[in-house]
Amino acid sequence: MTTFRRQGRGRPRQEKTVRFSFDGKEYAGVEGDTLASALLANGVHLVGRSFKYHRPRGILSAGSEEANALVAFDRGPGRVTLNVRATTLDLYEGLTARSQNYWPSLKFDITEINDKFSALFPAGFYNKTFMWPKSFWDWVYEPFIRRAAGLGPAPSEPDPDHYTSAYDHCEVLIVGAGPAGIAAALAASESSARVIIADEQAEFGGSLLSMPEAAIDGAPAWQWLESGLETLRSRDNVTLLPRTTVFGYYHDNFLGLAQSLTDHMSEPDPKEPRECLHKVRAAKVILATGAIERPLVFADNDLPGIMLASSAQTYLNRYGVAVGDNAAIFTTHDSAYIAAFDLSDANIRIAAIIDARATVDTRLIEEAKKRGIEVRAESVVTGAVGRFRVKRIRVNRVLASGVSAPEMIDCDTLLVCGGWTPSVHLWSHSKGTLKWKSELGAYVPDRPNENVICVGACNGEFGLKRALETGASAGGGAARLLEVKEDCGWSGEVFGALPTDRNETRIKAFVDFQNDVTAKDIKLAVREGFKSIEHVKRYTTAGMATDQGKTSNLNGLQIASNALARPVEQVGLTTFRPPYTPTTFGVLAGAQSGDTFDVTRKTPIDPWAVSAGAVFEPVSLWRRARYFPQTGEDMYAAVARECKATRESLGIFDATTLGKVEVVGPDASEFMNRMYTNPWAKLGVGRCRYGLMLREDGYIMDDGVVGRLANDRFHVTTTTGGAPRVLSMMEDYLQTEWPDLDVWLTSITEQWAVIALNGPNARKLIEPFVDGIDLSQEAFPHMAAREGRICGIETRLFRVSFSGELGFEINVPAHYGLTIWRKLYEAGREFNITPYGTETMHVLRAEKGFIIVGQDTDGTVTPDDAGMSWAIGNKKLDFVGKRSLERPDIVANGRKQLVGLLTADPNFVLEEGAQIVASPGQAIPMKMVGHVTSSYWSETLGRSIAMALVKDGRSLEGESIYVPMPGATIEAKVGSTVFYDPEGERLNVI
Amino acid sequence: MILIRCPYCDEQRPEVEFVYAGEAHISRPQNPNLLSDDEWAEYLFIRKNARGVHYERWVHAHGCARYFNAARNTVTDKILMTYKTGEPKPSVEEIAEAAK
Amino acid sequence: MSSNQHSNELTIDQGVVLAPVLTGASHEVSVVLVPERARFSLRVKPSNLKALSEASELDLPEKIGASTLASSTKILCLGPDERLVVSDVTSGGTLRRMFAELSSQISFSYADISHRNVAFEISGARAVKLLNTGCPLDLCLRAFPVGKCTRTVFEHAEITLLREGEYRFYVELWRSFAPYFVRLLEKAVKSR
């Protein structure tokens, strides 16, 4: 096999051979290579197919701007990463990668036919074509597009890796460890300031790594780099982050950094995280992100073997790899000459330098002549020929009118350079403004929006000397003039579209390689009336997706500007968006996956419920026991049993999740009066009352039982899900409307475990355990609250009932919750004590017509709608929501009211959420008059029960309404919401 | 994630500690019963939705738990100044001064 | 049956277990679950602070973020009118009786939140790094000196954070959030 390694070239390294596999074939590379450099060293240029036309593609660049060489990186099952740039993939022993976008093989791709019929696939093709007939979308178009297009198949297995993240803080964050970034870091870290310097590559040095000849202060630049990095490493205040991409720049100098930790390792420790997300808050940011070389736009400029000139230079000088044997150069900029000279000096034949410019620096011409390189000024490449690799190019001279006849030149590589584009992506994320610099043909940073400064090439300051100077000065260093020796010329012209003698409608000159957008597409978009560059971008897809226009933006802009006959600076620039390069979902999720995806709040009694075989359900962040199935039981059987046992003897229920707020202070009852609809002033100490809370717009917000423990102390309960918003609304009124009140609110939800006992034997169970409270019916009536002891531990004991049975809610300090629950449960065996969950709790309360806020109400239900006008303290002058109860819409007729429903067929359980109509025979669409809010099988009543919100529902008592369901329309009778024990006698069992 | 200066803590703190709480300087009427339906609707529902400087409320929910006021530019999303509940609405000049 | 008989059989359960990886004697970082403590949320308007401080003989810190640390009692000022008092269980009883008595003389509020929170001590050279895996605050000594306290967040959990030494932090959070917090710490420590 031919090798393209050049001895004596490249960064000094141990020549350790590593084996890797690409498209199933084994190759050898050298440690320190990227996948791209290793493939090139093996003479492999064809590495993939393009996105839309499935054209053969090679390696365009040597960095993260790569738009062609996107591969599937395979680290084993569940570990396939798509669209990885071969140019950024560090080689290791056993690395496996595959090319993408072909079927059945890379060299024989049936879908390449897209290319032949490309007249069918112009810009906006999908938008225009797949419009009609509509049904074809589901059956024909979408499946076809999904198979033919796309950037590789999404993985189907869960991600087996784990990721980590951290908040970092620093005084100075430097993005990019090229010469400018390192100079900035050296200067900034001389004080005690915390400095973070990050670079996307494994090795720090940036462009310096491709410049073996450069010298700084008389010494080789690589030596300056070595000692500079050593200094940085020795400083405690400096953090060096290699393989770290700063992918996004957010408000107030908050930046996202994705650090790759194990992807470059042959056998990573499975305990190690794969990547780390650094969420950095920096006092100051220095952007030293460099510049990206621009390709040239001509026919078939996407053939493998066509590559950016500086990248060929990088492959040679950094990796010791020749990209070909016979290279032609096509340029509009001086820098490509230096690349040509470097290649020539490494014994690569230079077929010719084709320069579109009329005049070229004579010093460059001289240097070329010395090496015997032919320079063709005022000439352009108008085509490239070859199947999977460029074989020859078509060259024309530019004439006063048009171009000359073409001449063919043989080459196996064509190096292109259309100038340089400063990498202003991050600057733009930060909302810094840009200005057009016509001599560079590029936008450069103008006014910052954050404490940020751009240095070196990303600021349009080209050359090593300027990089070092601007870097050091941004880092706060003293201005010291360095003596710098460098080869590079930094002059060039920008052409955008190049002249050609060919029919432009018949050629494909690519602007955006990744999205397969040609110059023709952009011109078409303009012809079709898209004048804003943002619209051109969306219509053609140029500069979109993972590439973010790194190599294509300015060429596309130039072409649009020509087509619109308006200067570039008036055409504007599209918006750069994070991420700068593709970022894994894994690293963004960090530790927020698996069992720490979110908080799961568990009550103190949860371990008991687990051991009792409970089935759980999430209620806001809590997990609650839903029911306790015994062997062979489904939910319905379990709930029927739990309901029956509770009504007949004794049920035990974990009510800990109820929100609880302690309202304390001399003005506590005044505050309660203002927050709740009910009157509180006359509620005696030791008494409870059901409280109803409205929003200021008059709709029900929350409810719960409130106990008065002392004149100045209320124990307020809320719904489970409503607890945070109730407390926050209370605090809002207290702090901002009534700061004069002497009252304070404390969340005590988690202070107390709450054990609810319901059933005729509830009192009998707790009597032996309670000290200091007379539990008799007279001393401790329904809706009483007492403080005392249970099992020797302090308790707030409430006699309340959400089931209609004799009930107690036993509040005990949370850390004792489990142990007291166990004790009561053991003692309750003689009463057939039955644990029940939220499902049974729902049925028991529905049998009694008690509402659940958020189920029987939906944010548009007033107290009157819910049949709860009794809860309003009519004598009170004001409370939150009172005035709204007089609003015209709320006093109008025709509101939906909460009613009970009994189906004509007692065995039929209605669907919650089902719509209700007044008569069954209507034409479709029927007029809907309400919906079912709660519906259950009631074991106690031996039939189904339901509640519903129905228009003017209370006036329909005794009448039938209808619930159309698939297959049948169900008849039900409107009645009271109280289905069981309407007199409330069950509460008074002795 | 923006930084917000809590006027009670007197510190810049990350946005995740705060919760937005709507437009500022809308006081609950002393006696709502005296308001016409239109006046009450105005208080309940009508908001400025300003382009540019917007006076709004935040609460340092995961900090000192205080509600406070902020002047924020809704175009740039920059919080220009923050001040305690009950303090008068600052003028445009005072905001410009504070934003420095 | 006497109540003592009952309570003798009762066990305290703070609802959280620390993995060995956290409690291990690593000099880099260790996490310790603080045993049961008495806690009160003490609320008083600034105008009454001095009176309450004097009457209770508690050195109530004045400024948000300030704390006073005595051997048996920590007092953290978390808001303009809010202090968190943490003491051992025995002193807790004394404090409660005193607060009850004082509440008839001074306008203030106290609420027992002993079991609402659980606490951890996080110490070691990597304590800051560990905390910063979920807490967005700058915890360098300049920005967060010894003695400073605040409520803040750790991923999706609210925490109360107090720095007791250069390498020693005290963290409190609501009981039901503790297992989530501990699991996150465990993941972070495991992945270094």
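On a predicted model such as this, the values are computed, not experimentally measured, just so you know.

Asks: Help me out: how do you make sense of the overall build of chain A in this one?
Replies: Counting secondary structure elements, chain A contains 24 helices and 51 strands. Computed over C-alpha atoms, the radius of gyration of chain A comes to 38 Å, more than 25% over the 30 Å expected from 2.2 N^0.38 for 990 residues, which places it beyond the range of a compact globule. Along the first, second and third principal axes, the C-alpha set of chain A runs to 115 × 70 × 55 Å. Expressed as a percentage of the 990 residues in chain A, the buried residues total 60%.

Asks: Just to check I follow, could you spell out the interface of chain A and chain B for this structure?
Replies: Many analyses report the size of an interface as the accessible area lost when the parts associate. Between chain A and chain B, the residue contacts involve 28 residues of the former and 24 residues of the latter. Overall, the association of chain A and chain B removes approximately 2,200 Å² of surface from exposure, summing both partners, and the carbon and sulfur fraction of that is 46%. The largest contributions to the chain A side of the interface with chain B come from His-251, Gln-735 and Arg-883 of chain A, which together make up 30% of the buried area. Summed over the shared surface of chain A and chain B, the number is five salt bridges. Salt-bridge contacts for Lys-78 of chain B lead to Glu-450 of chain A; the nearest nitrogen and oxygen are separated by 3.9 Å. The interface formed by chain A and chain B includes 18 residue pairs in polar contact (both at pLDDT 80 or more). The biggest single contributor to the side of chain A that touches chain B is helix α20 (residues 723-737) of chain A, with seven residues. Split into classes, the residues belonging to the side of chain A that touches chain B amount to eight nonpolar, seven polar and 13 charged.

Asks: Would you take a moment to explain the nonpolar core for this structure?
Replies: Soluble globular proteins: nonpolar side chains tend toward being buried together. Residues and elements named next belong to chain A. Core analysis: the biggest nonpolar cluster contains 59 residues, and Phe-20, Leu-35, Leu-95, Tyr-315 and Leu-343 have the highest contact counts within it. Sort the elements by how many residues they give to this core and helix α8 (residues 335-345) lands first, with seven residues. Residues in contact with Leu-95, not counting those within four places in the same chain, are Arg-19, Phe-20, Ser-21, Leu-35, Phe-73, Leu-89 and Asp-90. The next biggest cluster of nonpolar side chains, apart from the first, holds 37 residues, and it includes Val-770, Phe-808, Leu-818 and Ile-820.

Asks: Looking at this structure, how should I read helix α11 (residues 464-474) of chain A?
Replies: In an α-helix, one full turn covers 3.6 residues, which means residues spaced three or four apart are oriented alike. Residues and elements named next belong to chain A. Three or more residues of α11 are buried, namely Leu-464, Ala-467, Leu-468, Glu-469, Thr-470, Gly-471 and Ala-474. Along its buried surface, α11 packs onto α5 (179-188), β10 (215-216), α6 (221-234), β15 (275-287), β28 (452-454) and β29 (484-485). Positioned one or two residues after α11, Gly-476 has a phi angle of 90°, which is positive.

Asks: Please clarify how the packing of α8 of chain A against helix α9 (residues 362-370) of chain A should be interpreted in this entry.
Replies: Residues and elements named next belong to chain A. For the pair α8 and α9, the least separation of the axes is 11 Å and the interaxial angle reads 15°. The angle between α8 and α9 falls in the class roughly parallel. Classified by chirality, the crossing of α9 by α8 is left-handed. Contacts between α8 and α9 involve Tyr-337, Ile-338 and Phe-341 from the first element and Leu-364, Glu-367 and Ala-368 from the second.

Asks: Explain the sheet that holds strand β5 (residues 70-74) of chain A to me, please; I cannot follow it from the model alone.
Replies: Picture the strands of a sheet paired through backbone hydrogen bonds; they go either parallel or antiparallel. Residues and elements named next belong to chain A. In space, the five strands of this open sheet follow the order β2-β1-β7-β5-β6, with mixed pairing throughout. The open sheet is flanked by β2 (25-30) and β6 (80-85), the only strands paired with a single partner. Going across the sheet, the axis of each strand differs from the next one's by a mean of 35°, ignoring polarity. As paired strands, strand β1 (residues 17-22) and strand β7 (residues 95-98) are joined by three bridges and run parallel to one another. Bridged to Phe-22 within β7 is Ala-97.

Asks: Whenever I open this one, the state of the cysteines confuses me. Can you help?
Replies: Every disulfide links exactly two cysteines, by a covalent bond between their sulfur atoms. Summed over all chains, the structure comprises zero disulfides over all chains. Residue Cys-170 of chain A stays outside any disulfide, its sulfur separated by 11 Å from that of Cys-140 of chain C, the closest cysteine. Note on Cys-149 of chain C: no disulfide assigned, nearest cysteine sulfur contributed by Cys-77 of chain C at a separation of 6.9 Å. With a relative accessible area of 2%, Cys-149 of chain C lands in the buried category.

Asks: Quick question: what am I supposed to make of the sheet that holds strand β17 (residues 306-308) of chain A here?
Replies: All names here are of chain A. Ordered by their spatial adjacency, five strands build an open sheet running β17-β24-β18-β19-β20, and the pairing between neighbours is parallel. Two strands close off the open sheet at either side, each with one partner strand: β17 and β20 (375-376). With five bridges joining them, strand β18 (residues 326-331) and strand β24 (residues 413-417) adopt parallel strand pairing. The residue bridging Ala-327 from the neighbouring strand is Thr-413, located in β24. Running at roughly 85° to β17, helix α7 (residues 309-317) makes contact with β17 and β24 of the sheet.

Asks: Explain the interface of chain A and chain C to me, please; I cannot follow it from the model alone.
Replies: Taken together, the contact between chain A and chain C spans 58 residues of the former and 50 residues of the latter. Overall, the association of chain A and chain C removes approximately 4,700 Å² of surface from exposure, summing both partners, and the carbon and sulfur fraction of that is 50%. On the chain A side of the contact with chain C, Tyr-167, Trp-744 and His-815 of chain A bury the most area, a combined 19% of that side's loss. Inspection of the region where chain A meets chain C yields six salt bridges. Across the pair Arg-43 of chain C and Glu-731 of chain A runs a salt bridge whose closest N-O atoms are separated by 4.0 Å.

Asks: Quick question: what am I supposed to make of the pattern of salt bridges here?
Replies: When the charged atoms of two side chains lie near each other, side chains of opposite charge can form a pair. Tallying each qualifying case throughout the model produces 83 salt bridges over all chains. The structure contains a network of salt bridges with shared partners spanning Arg-55, Arg-57, Asp-300, Asp-302 and Asp-516 of chain A.

Asks: Help me out: how do you make sense of the side chain of Arg-57 of chain B in this one?
Replies: Following the sequence through the fold, Arg-57 of chain B ends up in strand β4 (residues 53-59). Since its relative accessible area comes to 14%, Arg-57 of chain B is described here as buried. A distance of 2.6 Å separates a polar atom in the side chain of Arg-57 of chain B from a polar atom in the side chain of Asp-732 of chain A. Residues within four places of Arg-57 of chain B in sequence aside, it is in contact with Asp-732 and Thr-736 of chain A together with Tyr-20, Ala-21, Gly-22, Glu-23, Ala-24, Tyr-67, Phe-68 and Asn-69 of chain B.

Asks: Explain the environment of Val-21 of chain C to me, please; I cannot follow it from the model alone.
Replies: All names here are of chain C. Of note, Val-21 is situated in helix α2 (residues 20-23). On the basis of relative accessible area, Val-21 is assigned to the partly exposed category, the value being 33%. Counting along the chain gives 164 residues from Val-21 to Leu-185, while the straight-line C-alpha distance between them is 9.5 Å. Residues within four places of Val-21 in sequence aside, it is in contact with Glu-186, Val-189 and Lys-190.

Asks: Please clarify how the side chain of Thr-657 of chain A should be interpreted in this entry.
Replies: The topology assignment puts Thr-657 of chain A in the loop between β34 (651-654) and β35 (659-664). Residues contacting Thr-657 of chain A, with those up to four places away along its chain left out, are Thr-603, Trp-622, Arg-624, Thr-720 and Thr-749 of chain A.

Asks: In this structure, what is going on with the packing of α7 of chain A against α8 of chain A? I would like to understand it.
Replies: When two helices pack together, their arrangement is given by the angle between their axes and by how far apart the axes lie. All names here are of chain A. Running from N to C, α7 and α8 cross one another at 35°; their axes reach a closest spacing of 8 Å. Where α7 crosses over α8, the handedness of that crossing is left-handed. Between α7, through Ala-309, Ala-312, Gln-313, Leu-316 and Asn-317, and α8, the contact on the second element is made entirely by Ala-336, Ile-338, Ala-339, Asp-342 and Leu-343. Taken together, the residues of the contact of α7 with α8 break down into seven nonpolar, two polar and one charged.

Asks: For this particular structure, what's the right way to read the environment of Thr-382 of chain A?
Replies: All names here are of chain A. Within the secondary structure, Thr-382 sits in strand β21 (residues 379-385). Given the relative accessible area of 1%, Thr-382 is considered buried. Taking the C-alpha atoms as reference, Thr-382 lies 5.9 Å from Val-395; in sequence the two are 13 residues apart. Not counting the four nearest positions on each side in its chain, Thr-382 is found in contact with Ala-299, Arg-394, Asn-396, Pro-499, Thr-500, Asp-501 and Arg-502. Among the polar contacts listed, one links the side chain of Thr-382 to the side chain of Asn-396, at a separation of 2.5 Å.

Asks: So what exactly am I meant to see when it comes to α5 of chain A here?
Replies: Residues and elements named next belong to chain A. Taken across its 10 residues, α5 has 10 buried, putting it largely inside the fold. When α5 is considered as a whole, its buried residues turn out to be Pro-179, Ala-180, Gly-181, Ile-182, Ala-183, Ala-184, Ala-185, Leu-186, Ala-187 and Ala-188. Buried residues in α5 make contact with β8 (163-175), β9 (195-198), α6, β15 and α11.

Calculation criteria
Residues numbered from 1 in each chain as written. Chains lettered and ligands numbered in written order. Predicted model: local features only at pLDDT ≥ 70, side-chain atom pairs only at ≥ 80, totals over all residues. Heavy atoms only, no water. Helix = DSSP H or I, 4+ residues; strand = E, 2+ residues; numbered from the N terminus. Rg over C-alpha atoms; globule rule 2.2 N^0.38 Å. Buried < 20%, exposed > 50% of the residue type's maximum accessible area, 1.4 Å probe, protein only. Contact = heavy atoms within 4.5 Å. Buried area = accessible area lost by both parts, 1.4 Å probe. Salt bridge = Lys/Arg side-chain N within 4 Å of Asp/Glu carboxyl O. Polar contact = N/O pair within 3.5 Å; in protein donor to acceptor, adjacent residues only side chain to side chain. Nonpolar A, V, L, I, M, F, W, Y, C, P; charged D, E, K, R; others polar. Core = buried A, V, L, I, M, F, W, Y, C linked by side-chain atoms within 4.5 Å. Axes fitted to C-alpha atoms, helices over the stretch in contact; angles between N-to-C directions. Parallel < 35°, antiparallel > 145°, perpendicular 65-115°, else oblique. Left-handed = near helix turned anticlockwise from the far one by under 90°. Pairing = 2+ DSSP bridges. Disulfide = S-S within 2.5 Å.

Geometric values such as these leave the question of function open.
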